[in-house]
Amino acid sequence: MKYDVVIVGGGASGLSCALTLASSRGRGWQWAEGRKYLLFDTDGSDLKKAFLKNVPGIDPVAGTELLQKIKRQIEEWGGVDFLPEEVVRVEKKGEVFEVESSGSGVFLANYVVLAGGFHAFNIKGLEVGLVENPKSPKPGRVMIRHKDYEVDRNLFVAGTLAGLSSHFTSCAGSGVEVAIEILSRFAGKRIVIHDVPEGD
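Values in this document were obtained by computation on a predicted structure and should not be read as measured data.

(A) Representation of the side chain of Glu-150 within the structure. With respect to the helices and strands, Glu-150 occurs in strand E11 (residues 150-152). What Glu-150 contacts, discounting residues up to four positions off in sequence, is Leu-155, Phe-156 and Arg-185.

Next comes the structure, spelled out in structure tokens:
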């Protein structure tokens with residue numbers, strides 16, 4: 001099966017990327033309709049161990065609760081499939097990527113977003129610059145070298161795997177930035193997504 005975007009990782013950055021991509025639907029943008037997105041989530045996000053008290057505009061909340069709330073938001077927009085499997089291989093084949101999972105076989109994607117966190121990177125098939133994450137207070141955390149979150153043409157990285165600190169807002173923002181870049185390429189021009197109250 002082929003998807004427009006495959007996201008590897010269901011933490012703050014991966015979910016925020018998926019939410020922003022999905023939220024382009026239903027706005028009268030022809031280039032956004034009919035897009036298909038796939039998110040791999042092994043339920044291993046560090047947010048599950050967090051209790052967040054310093055997210056701007058959000059009341060204190062358990063990380064598990066916030067993850068579920070974002071997933072519900074994504075489901076309300078539609079267009080995103082979730083698969084609770086590990087990605088074992090990503091390989092560029094011409095203009096598309098082959099994405100192989102641990103249980104469901106091979107998927108094709110025009111874009112891939114790597115957002116699986118900074119504990120390790122074991123996906124085969126990609127030649128990436130893997131270095132230590134300089135913003136982690138703990139040793140042994142990794143990041144992938146990139147320019148403006150792009151590792152290679154149409155291959156992006158987000159969150160702590162992009163070298164960011166492990167704060168929710170930092171990671172979520174990087175996922176949004178990646179999504180907006182991809183959507184802008186779909187549109188053939190720079191776009192942003194802003195909502196206003198109905199009737200304004």
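Now, onward.
(B) Focus on the nonpolar core. By size, the foremost hydrophobic cluster in this structure holds 64 residues, and its most contacted members are Val-5, Leu-21, Val-113, Leu-114, Phe-168, Ile-182 and Leu-183. The element contributing the most residues to this core is helix H3 (residues 168-187), with 10 residues. The contacts of Val-5, once residues within four sequence positions are left out, are Leu-21, Lys-36, Tyr-37, Leu-38, Tyr-111, Val-113, Ile-182 and Phe-186.

(C) Expanded view of helix H2 (residues 63-77). Look at H2: 22 Å from first C-alpha to last across 15 residues, which is about the 21 Å you get at 1.5 Å a residue. Those residues of H2 that sit buried are Gly-63, Leu-66, Leu-67, Ile-70, Lys-71 and Ile-74. Angular distribution of buried residues about the axis of H2 spans 140°; they occupy a single face of the element. Across from the buried face of H2, at angles greater than 90 degrees, the exposed residues are Glu-65, Glu-75 and Glu-76.

(D) Local environment of the packing of aromatic side chains. One pass over the structure, following the stated rule, counts 4 aromatic pairs. Ring plane angle 75° and centroid distance 5.8 Å describe the contact between Phe-40 and Phe-107, whose orientation is recorded as edge-to-face. Of this pair, Phe-40 sits in strand E2 (residues 37-40) while Phe-107 sits in strand E8 (residues 106-114); the two residues are 67 residues apart in sequence, bridging distant segments of the chain. With respect to burial, Phe-40 and Phe-107 carry one shared label: buried. An angle of 80° between the planes, with centres 5.5 Å apart, marks the rings of Tyr-111 and Phe-186 as edge-to-face. Here Phe-186 lies in helix H3 and Tyr-111 lies in strand E8, a separation of 75 residues in the sequence. Ring pairs connect the aromatic residues Tyr-3, Phe-40 and Phe-107, which therefore count as one cluster. Residue placement shows Lys-36 over the ring face of Tyr-3; its charged tip is 5.3 Å from the ring centre. Lying across the ring of Phe-118, Arg-141 places its NZ or CZ 5.5 Å from the centre.

Rules and cut-offs
- Residues numbered from 1 in each chain as written.
- Predicted model: local features only at pLDDT ≥ 70, side-chain atom pairs only at ≥ 80, totals over all residues.
- Heavy atoms only, no water.
- Helix = DSSP H or I, 4+ residues; strand = E, 2+ residues; numbered from the N terminus.
- Contact = heavy atoms within 4.5 Å.
- Core = buried A, V, L, I, M, F, W, Y, C linked by side-chain atoms within 4.5 Å.
- Buried < 20%, exposed > 50% of the residue type's maximum accessible area, 1.4 Å probe, protein only.
- Expected span 1.5 Å × (residues − 1).
- Arc of directions from axis to C-beta.
- Phe/Tyr/Trp six-rings, centres within 6.5 Å; stacked < 30°, edge-to-face > 60°.
- Lys NZ or Arg CZ within 6 Å of the ring centre and 35° of its normal.

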